[in-house]
Each structure stands twice: as structure tokens, then as C-alpha cells.
Amino acid sequence: RTTTITITMKLTIAYKGKEYDFDATERSTILDVKVAVEHATQLPPEALKVFFRGRPRADDDQLVLLGVKQFNKLVIVGNPSWTPPEAEPAPGEAKGGPKSKLDEILDSIKPLEVEAKAALSNGSSTATQRLRLQELLTQKMLELDLVDVQGEGRERRKKAIQTIEKICLDFENLG
């Protein structure tokens, strides 16, 4: 009859200034460590590198064979060669990832346009309110000028600039 004894050791894992406790067995590997801290780092195992005694360690290295002992510390850093997979675009986002700089600026202009049109339509806006909106819209127009776009983006930028110019002109005509 054979009895198997599993030795468990407590380790500390350091990641971005925080420390996490980890229970390992003599058969635990570096990959096991990465999987155990995946929830804390919010990164998949392939996005992490584990260092022990100042050296990066391979995923299939067993902790015991590396000389890891009870209460030792392993350091985890982000893997600079890892790139996240392309995610499905969220509604309202352009295909290919996060919003472009143009989309961000256009989105930030919309509430200013609504406020400006409301101020123009009810005619009860103060000079200070009109000047503030005019200044903010002019800043957005300058931001749009700095964005390098091609094709459809160029037309969208042009239309946004024309809209801002029209609102500013309407404010000036109100006096």
C-alpha cells in the first residue's frame, strides 16, 4: 500500500505594489501561480512574467525544483511582449477597438451643441453663458483640427467644424 503525502507551502506573490498569499504544493508550477493570481491582476497568464531570485521563470518550471521554499516571495510583472486579443467592438465603437480620437471629440461636442441650441432657441441665455459655450466649442474645433483623419473621418470632422462655426456665428449675431 502506497501513501502519497502532499507538502503545502505558503508563498507571497508581489504584483504592482500589492502582495497576495498563495498556497502551493511541491508539484505547483509557475503557470499555476499565474492562474492563481489571474483574478487579482485582471490579466491572463500569458500576459504575466514570474520572477524568482531576480530571474524570469518558465511556465513549466516546478517551484520546488527552482528552490522555492515556505514563505518565499515571487514577483509578477506584466509581459511586455504580450498584446491583448482584438475584442468585439462595443455598441457605438468603431470596429477595431476603442474609440478613435475623432469619435471621442465628436462625443464631447454633442452635449455642448445641445446646450448651445437650447440657449439660442429660448433666447434667455446670458452673455456669460454664451461666451462660455463659444469658448468651449472653439476649443473643440481646435482639437478637431489636430486630429489626422482620412476618408469618412475627414467628412465627419468637416461637418462638426461647420456646425460649431454656425453656432458661434449665431451667438455673435445675438450680440
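This section reports on the structure supplied with the text.

Cut-off values and rules
- Residues numbered from 1 in each chain as written.
- Predicted model: local features only at pLDDT ≥ 70, side-chain atom pairs only at ≥ 80, totals over all residues.
- Heavy atoms only, no water.
- Axes fitted to C-alpha atoms, helices over the stretch in contact; angles between N-to-C directions.
- Helix = DSSP H or I, 4+ residues; strand = E, 2+ residues; numbered from the N terminus.
- Parallel < 35°, antiparallel > 145°, perpendicular 65-115°, else oblique.
- Left-handed = near helix turned anticlockwise from the far one by under 90°.
- Contact = heavy atoms within 4.5 Å.
- Nonpolar A, V, L, I, M, F, W, Y, C, P; charged D, E, K, R; others polar.
- Core = buried A, V, L, I, M, F, W, Y, C linked by side-chain atoms within 4.5 Å.
- Buried < 20%, exposed > 50% of the residue type's maximum accessible area, 1.4 Å probe, protein only.
- Expected span 1.5 Å × (residues − 1).
- Pairing = 2+ DSSP bridges.

### What about the packing of helix 5 (residues 127-146) against helix 6 (residues 152-174)?
Moving on, step 1. Look at helix 5 against helix 6: their axes get within 10 Å of each other, and the N-to-C directions meet at 155°. The orientation of helix 5 relative to helix 6 falls into the category roughly antiparallel. As helix 5 runs across helix 6, the sense of the crossing is left-handed. Residues Arg130, Leu133, Gln134, Leu137, Thr138, Lys140, Met141, Leu144 and Asp145 of helix 5 form the contact with helix 6, whose participating residues are Arg157, Ala160, Ile161, Ile164, Glu165, Ile167, Cys168, Phe171, Glu172 and Leu174.
Moving on, step 2. In terms of residue class, the contact of helix 5 with helix 6 is built from eleven nonpolar, two polar and six charged.

### Details of the nonpolar core
General note: in soluble globular proteins, nonpolar side chains tend to be found buried as a group.
Moving on, step 1. If you look at the biggest cluster of nonpolar residues, it comprises 19 residues, and the most contacted ones within it are Leu137, Leu144 and Ile164.
Moving on, step 2. Of all the elements in the fold, those that place two or more residues in this core are helix 4 (101-122), helix 5 and helix 6.
Moving on, step 3. Here this core gets seven residues from one element, more than from any other, and that element is helix 4.
Moving on, step 4. Not counting the four nearest positions on each side in its chain, leucine 137 is found in contact with Ile109, Leu112, Ala116, Ile164, Ile167 and Cys168.
Moving on, step 5. Ile13, Phe22, Leu63 and Leu74 belong to the second largest nonpolar core, which has 17 residues in total.

### Considerations on helix 6
Moving on, step 1. In a regular helix each residue adds 1.5 Å, so 23 residues correspond to 33 Å; helix 6 covers 34 Å between its end C-alpha atoms and thus fits that length.
Moving on, step 2. Looking at helix 6, one finds that the buried residues are Gly153, Arg157, Ala160, Ile161, Ile164, Ile167, Cys168 and Phe171.
Moving on, step 3. Lining the buried residues of helix 6 we find helix 4 and helix 5.

### Quick look at the packing of helix 4 against helix 5
Moving on, step 1. Remark: helix 4 packs on helix 5, axes separated minimally by 10 Å, with the N-to-C direction vectors making an angle of 160°. Put simply, helix 4 runs roughly antiparallel to helix 5. For the element pair helix 4 and helix 5, the recorded crossing hand is left-handed. Judged by residue contacts, Leu102, Ile105, Leu106, Ser108, Ile109, Leu112, Glu115, Ala116 and Ala119 of helix 4 engage Gln129, Arg132, Leu133, Leu136, Leu137, Lys140, Glu143 and Leu144 from helix 5.
Moving on, step 2. Its residues assigned to classes, the contact of helix 4 with helix 5 shows eleven nonpolar, two polar and four charged.

### Considering the sheet that holds strand 4 (residues 55-57)
Moving on, step 1. Taken in spatial order, the five strands make up an open sheet running 2-1-5-3-4, and their pairing is mixed. Here the strands that pair on one side only, and so sit at the sheet edges, are strand 2 (18-25) and strand 4. Each strand of the sheet is rotated relative to its neighbour by a mean of 40°, with strand direction disregarded.
Moving on, step 2. Relative to strand 2, strand 1 (residues 8-15) is paired through eight bridges, and the arrangement is antiparallel. Bridging from a neighbouring strand, alanine 14 pairs with glutamate 19 of strand 2.

### Concerning the pairing of strand 3 (residues 48-52)
Moving on, step 1. Only one face of strand 3 is buried: it carries Leu48, Val50 and Phe52, and the other face, with Lys49 and Phe51, is open.
Moving on, step 2. In this sheet, strand 5 (residues 73-78) lies alongside strand 3 in antiparallel orientation, the contact comprising four bridges. Across the sheet, lysine 49 pairs through a bridge with valine 77, a residue of strand 5.
Moving on, step 3. As judged from the three bridges shared by strand 3 and strand 4, these two strands associate in the antiparallel manner. Note on strand 4: the bridge partner recorded for phenylalanine 51 is proline 56.
Moving on, step 4. Count of turn residues in the strand 3/strand 4 antiparallel hairpin: two residues, of which arginine 53 carries a positive phi of about 55°.

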